[in-house]
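The residues making up each chain are set out below.
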Amino acid sequence: MEEKNVSLRLYIEICSACNLHCKYCFEEGYSPRYINQQHLYEFLNICSSNVEDIVITGGEPMLHPSFYEICQFTAKFASVVVTTNGTRLNIPKIKELLHNYPNIKLQFSLDAVDEKFVDTVRGQGVYLKVIDAIHQLKEYHSQIGISSTLTKQTPKMLDDIYSFAKSNCITCYFPSILPYGALCKNWSEVMPSFDDYIRSEIKLVELIANDSCGIISSNKVDWILSRYNSSTCSEIPIADQEIVLKIDSSGTILCCPATDNSYSCSKIANIQSVYSFKELIDNYQQCKDCQSIGNLSSCTECLASKYCRSEFCGNCIHMKSSNLEINEFICKTIRYHFNELIDASEER
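I will try to describe carefully the structure that is included in this document. (Residues numbered from 1 in each chain as written. Predicted model: local features only at pLDDT ≥ 70, side-chain atom pairs only at ≥ 80, totals over all residues. Heavy atoms only, no water.)

Attention now moves to the overall build of the protein. Assigned secondary structure in the protein consists of 13 helices and 10 strands. Considering the protein as a whole, with its 348 residues, one finds that 51% of them fall into the buried category. Counting only carbon and sulfur atoms, one obtains 48% of the accessible surface of the protein, whose full area is about 16500 Å². (Helix = DSSP H or I, 4+ residues; strand = E, 2+ residues; numbered from the N terminus. Buried < 20%, exposed > 50% of the residue type's maximum accessible area, 1.4 Å probe, protein only. Areas by Shrake-Rupley, 256 points an atom, 1.4 Å probe, with all protein chains shown as cover.)

Moving on, we get to the side chain of T57. Within the element layout of this structure, T57 appears in strand 2 (residues 51–57). Given the relative accessible area of 15%, T57 is considered buried. Within the local environment of T57, its side chain forms a polar contact with the side chain of T83, the two groups lying 3.0 Å apart. Not counting the four nearest positions on each side in its chain, T57 is found in contact with I12, E13, I14, C15 and T83. (Polar contact = N/O pair within 3.5 Å; in protein donor to acceptor, adjacent residues only side chain to side chain. Contact = heavy atoms within 4.5 Å.)

Looking only at helix 3 (residues 91–100), the buried set comprises I91, I94, L97 and L98. An end-on view of helix 3 places all buried positions within 125° of arc, on one side of the element. Opposite the buried face of helix 3, by more than 90 degrees, sit the exposed residues P92 and H99. Residues of helix 3 that are buried in the fold lie against helix 2 (67–74), strand 4 (104–109), helix 5 (126–136) and strand 5 (144–147). (Arc of directions from axis to C-beta.)

Let us now look at the packing of aromatic side chains. Counted according to the given criterion, the structure contains 10 aromatic pairs. When the ring of W187 is compared with that of F329, the centres are 5.1 Å apart and the planes differ by 85°; the resulting orientation is edge-to-face. Here W187 is found in helix 8 (residues 187–190), whereas its partner F329 is found in helix 13 (residues 324–347), with 142 residues between them in sequence. Centre to centre, the rings of Y307 and F338 are 5.6 Å apart; their planes meet at 15°, and the pair counts as stacked. With a gap of 31 residues between them, Y307 in helix 12 (residues 305–308) and F338 in helix 13 connect regions that are remote in the sequence. Each of the two residues, Y307 as well as F338, counts as buried. (Phe/Tyr/Trp six-rings, centres within 6.5 Å; stacked < 30°, edge-to-face > 60°.)

Right, let's get into the layout of surface pockets. There is about 330 Å³ of room inside the second largest pocket. Lining the second largest pocket are 19 residues, and of these E201, I202, V205, V221 and H337 sit closest to its centre. Looking at side-chain class alone, the lining of the second largest pocket contains 12 nonpolar, three polar and four charged residues. (1 Å grid on protein atoms, 1.4 Å probe; cavity = no way out; pocket = protein on both sides within 12 Å on 5 of 7 lines; lining within 4 Å. Points joined across faces, edges and corners; volume = space filled by probe spheres on them. Nonpolar A, V, L, I, M, F, W, Y, C, P; charged D, E, K, R; others polar.)

On to the environment of Q38, then. Relative to the elements of secondary structure, Q38 occurs in helix 1 (residues 37–47). The exposure class of Q38 is partly exposed, given its relative accessible area of 47%. Through-space distance from the C-alpha of Q38 to that of A269 is 9.1 Å; in sequence the pair is 231 residues apart.

Attention shifts here to the pairing of strand 6 (residues 171–174). If a strand is regular, its side chains alternate between the two faces of the sheet. Judged from the three bridges that link them, strand 5 and strand 6 form a sheet pairing that is parallel. Each bridged residue has a counterpart across the sheet, and for I146 the counterpart in strand 6 is C172. Once the chain exits strand 5 it traverses helix 6 (residues 158–167) before rejoining the sheet at strand 6, and the crossover so formed is right-handed. Examined bridge by bridge, strand 6 and strand 7 (residues 216–218) share three bridges and lie parallel to one another. Counterpart to Y173 in the pairing with strand 7 is S217. (Pairing = 2+ DSSP bridges. Right-handed = clockwise from strand over helix to strand, strands pointing away.)

With 85 residues, the main nonpolar core has L10, F43, L106, F108 and L245 as its most contacted residues. For L245, the residues in contact, after removing those within four places along its chain, are L8, R9, L10, Y11, I253, L254, C255, F277, L280, I281 and Y284. In terms of nonpolar packing, the next biggest core, distinct from the first, is built from 10 residues, W223, I224, I334 and F338 among them. (Core = buried A, V, L, I, M, F, W, Y, C linked by side-chain atoms within 4.5 Å.)

Structure representation (structure tokens):
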């Protein structure tokens, strides 16, 4: 790995603490922890030649007492996205950070352009704080984005979210839902019906397809199209892969941003050389967590199984959970989109 033959994306949870208790957070009942800076810096120095981009996350990352120092250090190696709930900003310091490091981007969690809804699921006053922060940072609009989770409010708000992003010259990103933690408990309160959810995703695909500004994206849409276009499960040489790892606040290296340390894993403090990092990557590429999901009886008869391989990126944990209703919801949405692509292909 002397050359940059691995495209590596790192999700770094610099702290597990958060000042909010959102109803669809994938965390619940966690203990506040703060990453060991020295261990993190030593790890990044070892693997830096392979890092393409870094996502600094939490919890709420701005609660880390050395948040700004960590941002400055990581920005030396790669482009950086900071995910934040937007309620703990020091505007002058954030402006200084964005000015000095144009490769740093702030991504605010904003699930609807609707004050009542956002405050109901995130907390009183959150909506106005985020809107105010975006307006105060308008001179750095190219380094600002919002992240919106598909919820009950989304079907009638997608156009408004996109219009808000477009009018403020910022990006909007729609991540996959992670139905474990608090979201499982609040599922019926927060999540739309299956039909409404699918309508949201269809609308999202249309917005992405017609987005002349290049400001809207969705990791789920990208994943589905990538799987469909590849059409087979053929091995991709490691040199051509984008590898995604997560480092949690205890310094544990996880093979997926949506998994936890109940699975086999390593620590950043244990990585002492490029060679030991290469060994870790090789081991994680053989991860059996997502590969072991395909034990649903419906998989054998499902046309979409050719493409999804029963591997739902970001869904390793809850696809094995005891909540069959949520498991089926996730599976059904994936199946719907692949079957739509199959039907469209056959019509051509």
